[in-house]
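Survey of secondary and tertiary structure
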Amino acid sequence: MTKESDHTVHAISLRVVKYGETSLIAACYTQQYGLQSYMLKGILSNTRKKKISKSLFEPLTLLELQASKNSENRLGYIKEAKRAQAFHSIPFDITKKALVFFMAEVLHQVVREDQEPHPALFQFIKERILWLDHQNELGLFHIKMMLDLTRFIGFSPNLNLPEALYFDLESGCMTPDKPLGPFLEDPLKSFWIQLLGTNFDKIGTIQLSRQLKNALLKSVISYYELHLQQFKAPKSTEVLNEIFKTL
């Protein structure tokens, strides 16, 4: 029976780090509480009968937890955990798994900047994960998701003056004058505009060379680095680029 202090928490697993020999700390983005960290005590032990499986905390798994809100940034504990929705293809597709690992790194950095709950952001992430699980046009998924994500975190590109020659990465605005700092010009500028104006279901219609995809991703990562103080290029970026060489 669930304690009064425990609630059904809708969560998205972002990452786990090892704690001691047999435990993990799981970072999850929750609908109710924002970013939460949970101690998974003894989950790596071979001798103990475990109620919760480590496999539940693969990146971007959609979860339903029985847990209470962590107070004062302390570690919480999960009484029960189960998948809210099982994936059909992500666990078996190396490309989708690479995308999921990459986006989990991005999302963890984004949501730790703001500890408050953001139900609309949670819903956006959930819908995009489920979209990925059912689609095959993957080449621009991560770039499109990062661009759309900026709407929720306060630095969505201002595309007024779309005919201007430059996009100033630092100000986030189009400009007719060449910026002193980092900027985009065609063709990358036009691809930003095109991607931002394209629905997810249509991104497969945008065909780019591998070199352009890599340059586009690099420019979006640079934009995040300029606008999120602690953001760093995800470690899985190189792995992702290697996988897309063959696509």
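A brief structural summary.

With respect to the nonpolar core
Formed by 61 residues in total, the largest nonpolar core has its most connected members in Met-146 and Tyr-224. Only strand S1 (7–19), strand S2 (23–30), helix H1 (94–111), helix H2 (119–134), helix H3 (141–153), helix H4 (188–196), helix H5 (210–227) and helix H6 (237–244) provide two or more residues apiece to this core. Apart from residues lying up to four places away in sequence, Tyr-224 is in contact with Val-106, Val-110, Met-146, Leu-149, Thr-150, Ile-153, Phe-155 and Phe-231. In terms of nonpolar packing, the next biggest core, distinct from the first, is built from 17 residues, Cys-28, Phe-57, Leu-65 and Ile-78 among them.

Concerning the environment of Met-174
Tracing the chain through its elements places Met-174 in strand S7 (residues 173–175). Put simply, Met-174 and Gln-31 are 143 residues apart on the chain and 34 Å apart in space, counted from C-alpha to C-alpha. If we ignore the near neighbours within four places in the chain, the residues touching Met-174 are Asn-158, Leu-159, Asn-160, Leu-161, Pro-162, Ala-164, Tyr-166, Phe-167, Lys-189 and Ile-193.

Re the environment of Ile-90
Of note, Ile-90 is situated in the loop between strand S5 (76–83) and H1. The exposure class of Ile-90 is buried, given its relative accessible area of 4%. Beyond its immediate stretch of four places on either side in the chain, Ile-90 contacts Lys-96, Lys-97, Val-100, Ile-129, Leu-132 and Asp-133.

With respect to the sheet that holds S5
Taken in spatial order, the five strands of this closed barrel run S1-S2-S3-S5-S4, and their pairing is mixed. Within the sheet, the average angular offset between the axes of one strand and its neighbour, ignoring direction, is 55°. Taken together, the five bridges between strand S4 (residues 62–67) and S5 define a ladder with antiparallel strand orientation. Following the sheet pairing, Leu-65 is matched in S5 by Ala-81. Contacts from H1 reach S1, S2 and strand S3 (34–40), with the element oriented near 110° to S1. Against the sheet, H2 engages S1, S2 and S4, with an angle of about 70° to S1.

Brief notes about H4
Those residues of H4 lying buried are Leu-188, Lys-189, Phe-191, Trp-192 and Leu-195. All buried residues of H4 project into a common sector of 165° when viewed along the axis, lining one side. Considering only its buried residues, H4 is in contact with H3, strand S6 (166–168), S7, strand S8 (183–184) and H5.

A short note on the pattern of salt bridges
Applying the stated rule across the entire model yields three salt bridges. Among the salt bridges present, the one from Glu-64 reaches Lys-82, with a minimum N-O distance of 3.6 Å. Separated by 18 residues along the polypeptide, Glu-64 in strand S4 and Lys-82 in strand S5 bring together distant segments of the chain. On the accessibility criterion, Lys-82 (47% relative accessible area) is partly exposed. Between Asp-148 and Arg-151 there is a salt bridge whose closest N-O contact spans 3.9 Å. With Asp-148 and Arg-151 both in helix H3 and three residues apart, the pair spans about one turn of that helix. Members of the salt-bridge network, linked through shared partners, are Lys-144, Asp-148 and Arg-151.

Notes on the packing of aromatic side chains
Centre-to-centre distance and the angle between the planes together describe a pair of aromatic rings. Under the defined criterion, the tally for this structure stands at 12 aromatic pairs. On the basis of an interplanar angle of 45° and a centroid distance of 5.1 Å, the ring pair of Phe-167 and Trp-192 is categorised as tilted. A residue pair is termed long-range when its members are at least 10 positions apart, and Phe-167 in strand S6 and Trp-192 in helix H4 qualify at 25 residues. Residue classification places Phe-167 among the buried positions, given a relative accessible area of 1%. Each residue in the set Phe-155, Phe-167, Trp-192, Tyr-223, Tyr-224 and Phe-231 is aromatic and connected to the rest through ring pairs, giving one cluster.

Each value, and the rule that gives it
- Residues numbered from 1 in each chain as written.
- Predicted model: local features only at pLDDT ≥ 70, side-chain atom pairs only at ≥ 80, totals over all residues.
- Heavy atoms only, no water.
- Core = buried A, V, L, I, M, F, W, Y, C linked by side-chain atoms within 4.5 Å.
- Buried < 20%, exposed > 50% of the residue type's maximum accessible area, 1.4 Å probe, protein only.
- Helix = DSSP H or I, 4+ residues; strand = E, 2+ residues; numbered from the N terminus.
- Contact = heavy atoms within 4.5 Å.
- Pairing = 2+ DSSP bridges.
- Axes fitted to C-alpha atoms, helices over the stretch in contact; angles between N-to-C directions.
- Arc of directions from axis to C-beta.
- Salt bridge = Lys/Arg side-chain N within 4 Å of Asp/Glu carboxyl O.
- Phe/Tyr/Trp six-rings, centres within 6.5 Å; stacked < 30°, edge-to-face > 60°.

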